[in-house]
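# Commentary on secondary and tertiary structure
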Amino acid sequence: MAVNPGRSNSKSYGGSNTKGASTTSSPENNNNHGTTKKMKPKKGGGGPPPTMMAGFAPSLSHPRQRVHARKNRPRPHQGTRRSGAALPTHALSTALHKLEAHVVTTTAGQDALDQVMMALDRLEETLQPPEVLQAKHKLTLFQPTPPELVEPFPDHHLRLFRATYEANDPIEDRSTVVIGEDFLFAGVWDGHGGYQCAEFTQNIVFQNFADAFAESRADIPVSFAKAYFKTNKDYYHFARALNHRDTFFAGTCAVACFIDLTQQKLWCSNLGDSRAVMGTFRDDGTLHTEALSVDHTAASLIERQRIQEAHPHDEEVVLDMTQFYEGSDEDDSYEEPPDWRVKKVAAFTRSIGDLQLKEKNTSALFNSYMPEENQILPRPGAVDKQTNTPTPPYIFSDPETKEFPLQHAGFVIIACDGVWDEMSNQQAVHCVANLLRQHEGSSSTNIAELFIEKVLEKAVERLREEGYEDDLTLEELKRRPKGKATEGSRSRMHDDITVVIVEFGDTDKHCQEDLPFSSSSLQKCKAQTENRKGMRSSRKTPAPFLTIEEILREKEERKEVDKQIVEMMEFFDGMNTRHLEILFNALDVDGNGTLDHDEVYRLINQVMLTDVEPAVVDVAFREMDGDGNGSVDFSEFVAFFGHNKEST
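Residues numbered from 1 in each chain as written. Predicted model: local features only at pLDDT ≥ 70, side-chain atom pairs only at ≥ 80, totals over all residues. Heavy atoms only, no water.

The chain is annotated in an unreviewed UniProt entry as Calmodulin of Amphora coffeiformis.

Right under this line is the structure:
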């Protein structure tokens, strides 16, 4: 068996280095039969050292060498994110190393000792305290960037630029930037249906990411996935406690980057149609544009197929809403681009929040406000009558995370879809590169603000081309009121715009001349932008659908009724189906296997031990009685609450 004499405490024989030598010896092919006779080396250094006697032939391929190589390899972040306290195995490990240096064993004995040492190595790795991300500074949307944080890592030539521009009233975007000892976390949260979910996300998502980072032992993709999942779950409990209608129905797309300066790597993770792109200057002086994320929208064939496969019996799970548009264009040659939506509502397919598309309780609340054509049926989590299994969510919170090396000087643009509605990836990268060159050496210039100005110029250009207002100027656009109150209000013309730009490396020496940016010199990517929700200024309202906002605006909030609807759903969700069947049969006095509206009302009151508002039972019974015959059987009753008849 090959063994390694070259351990750190072994002495070389005759002053020579035996590294690289490899011979094989075993107890079966020598006369020592696994035993050795101790020999004293001759004076003057003559004679072989103990470790080169029979049964101890040297070999650098022995597992012990691999053990030493593994133990001595540099661990990422060692000493910066881990505790410096000695492990409880330290004394044992030290003693074994000393023992190994002074005791001569047989080949079999050495092999056994190697196995002990390798097992000890694995134990030490398991006992290592988790790496912890410690935030030194945290900035959210409305906090300005302090001058000292514009260059938070001077040694790495890293600069930070942040800006936002409001179209909605109030703005629905939010952002988070966290600066640590050797990392930067930056995320943009593109809210919709209100600002509540985006604001909740900006406040807690990094803590969820840091917790997952420690738990997963610095696995970045796992950390992002757990952070988004937990933030989505936390948001349900937040909405439940707040009991505010708009909070229940709000959601946010997400894009975030984690930059590890020690490893010189970047990870990007996204949900929905917010996006990050990177521009890098190559050694030959060219500027390279690289997409860090892929949009998750219903316009994507891959995303549509994924949702359709999860809902094979729902022919309307994803629809092109252009079939519902009122009227027709005067120019018959113009073909309206598809407007794909999930359950006639969502242009995105992944998000945080949007609970009505993910779980049955909020979906029941949502349907109680909506006319039949806008309701989400079957509700996610409710039992499908065809399959007798719970209906899967329609949109998801599982992100797509990618890793990129930071090998060249460059910058990252992290932005909501208000940017990408107006610019292609290449246009955005060329624009930022030009701005960096034009303002080289200026420490007071906010490149992100100047970039948003260019985005607004592109919005004006688009609106003119659409014939929205032929004489519209940038100054006139900025004077428009925020919100949607009138046809000329700002958010009817473009979306909120929020951007974080992170510059890394010495880009000054690369930005020598302006790059093409105008529409005449770059492809306008109309097919890309027209499929995005930002092109809504040219859209008509689908008939007979109203927007969710318009429907909710026309209806008063019913705080007590809403609270009881969610309480009812949660109450029955936790009940045993057999117990429900006993109660159901007890109220079915005529024994025909069905209950009418009044009997369902009494059952719900008995279970909840309170006087439930009649409107709450109306919501439940209307959906239970799908065929409209005025009665429901037991399977219809329990399916509404997410049970199937066979469950116990």
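Structure shown, so let's carry the discussion forward.
## Here we look at helix α10 (residues 425–438)
Between the first and last C-alpha of α10 there are 20 Å, a value that for 14 residues agrees with the 20 Å anticipated at 1.5 Å per step. Counting buried positions over the 14 residues of α10 gives eleven, a clear majority of the element. Restricting attention to buried positions, one finds in α10 the residues N425, Q427, A428, V429, H430, C431, V432, A433, N434, L435 and L436. (Helix = DSSP H or I, 4+ residues; strand = E, 2+ residues; numbered from the N terminus. Expected span 1.5 Å × (residues − 1). Buried < 20%, exposed > 50% of the residue type's maximum accessible area, 1.4 Å probe, protein only.)

## Observations concerning the nonpolar core
Membership of the largest hydrophobic core comes to 79 residues, with the highest contact counts inside it found for F258, M568, F572 and F637. Here this core takes eight residues from helix α4 (residues 196–215), the largest share from any one element. Residues in contact with F572, not counting those within four places in the same chain, are L580, L603, I604, V607, M608, F637, F641 and H643. One finds A428, C431, L435 and M493 within the second-largest nonpolar core, a separate group that totals 34 residues. (Core = buried A, V, L, I, M, F, W, Y, C linked by side-chain atoms within 4.5 Å. Contact = heavy atoms within 4.5 Å.)

## Section: the packing of helix α5 (residues 220–242) against helix α15 (residues 559–573)
Where α5 contacts α15, the axes come no closer than 10 Å and their chain directions differ by 135 degrees. As summarised for this structure, α5 and α15 are arranged oblique, according to the angle between their axes. Judged by residue contacts, Y236, R240 and L242 of α5 engage K559, V566, E567 and E570 from α15. (Axes fitted to C-alpha atoms, helices over the stretch in contact; angles between N-to-C directions. Parallel < 35°, antiparallel > 145°, perpendicular 65-115°, else oblique.)

## Quick notes on the environment of D421
By the element assignment, D421 lies in the loop between α9 (417–420) and α10. With relative accessibility at 3%, the residue D421 sits in the buried group. Through-space distance from the C-alpha of D421 to that of D273 is 10.0 Å; in sequence the pair is 148 residues apart.

## Observations regarding the state of the cysteines
Scanning all chains against the criterion turns up zero disulfides. C197 carries a free sulfur, and the closest cysteine sulfur to it, the one in C253, is 9.8 Å from it. (Disulfide = S-S within 2.5 Å.)

## Some points on the packing of α15 against helix α17 (residues 597–608)
Two numbers describe how α15 lies on α17: the axes approach to 11 Å, and their chain directions differ by 75 degrees. Classified by the angle between their axes, α15 and α17 sit roughly perpendicular to one another. Packed against α15, whose contacting residues are Q564, E567, M568, F571 and F572, the element α17 presents L603, I604, V607 and M608 at the interface. For the contact of α15 with α17, the per-class residue count stands at seven nonpolar, one polar and one charged. (Nonpolar A, V, L, I, M, F, W, Y, C, P; charged D, E, K, R; others polar.)

## Things to note about the packing of aromatic side chains
Aromatic ring pairs are described here by two measures, namely the spacing of the ring centres and the angle between the planes. In total, this model carries 24 aromatic pairs according to the counting rule given. Centroid distance F183 to F258: 5.6 Å. Interplanar angle 25 degrees. Geometry classified as stacked. With F183 in strand β4 (residues 183–192) and F258 in strand β5 (residues 251–260), this residue pair connects regions lying 75 residues apart in the sequence. Residue class for F183 comes out buried when judged on its relative accessible area of 2%. Ring centres of F258 and W267 lie 6.2 Å apart, and the angle between their planes is 45 degrees; on these two criteria the pair is classed as tilted. The exposure class of W267 is buried, given its relative accessible area of 6%. Here a set of aromatic residues connected by ring pairs shows up, and it is made of F183, F185, F206, F209, F213, F224, Y228, F258 and W267. For the cation-ring pair, R304 lies above W340, with the distance from its terminal atom to the ring centre recorded as 4.1 Å. (Phe/Tyr/Trp six-rings, centres within 6.5 Å; stacked < 30°, edge-to-face > 60°. Lys NZ or Arg CZ within 6 Å of the ring centre and 35° of its normal.)

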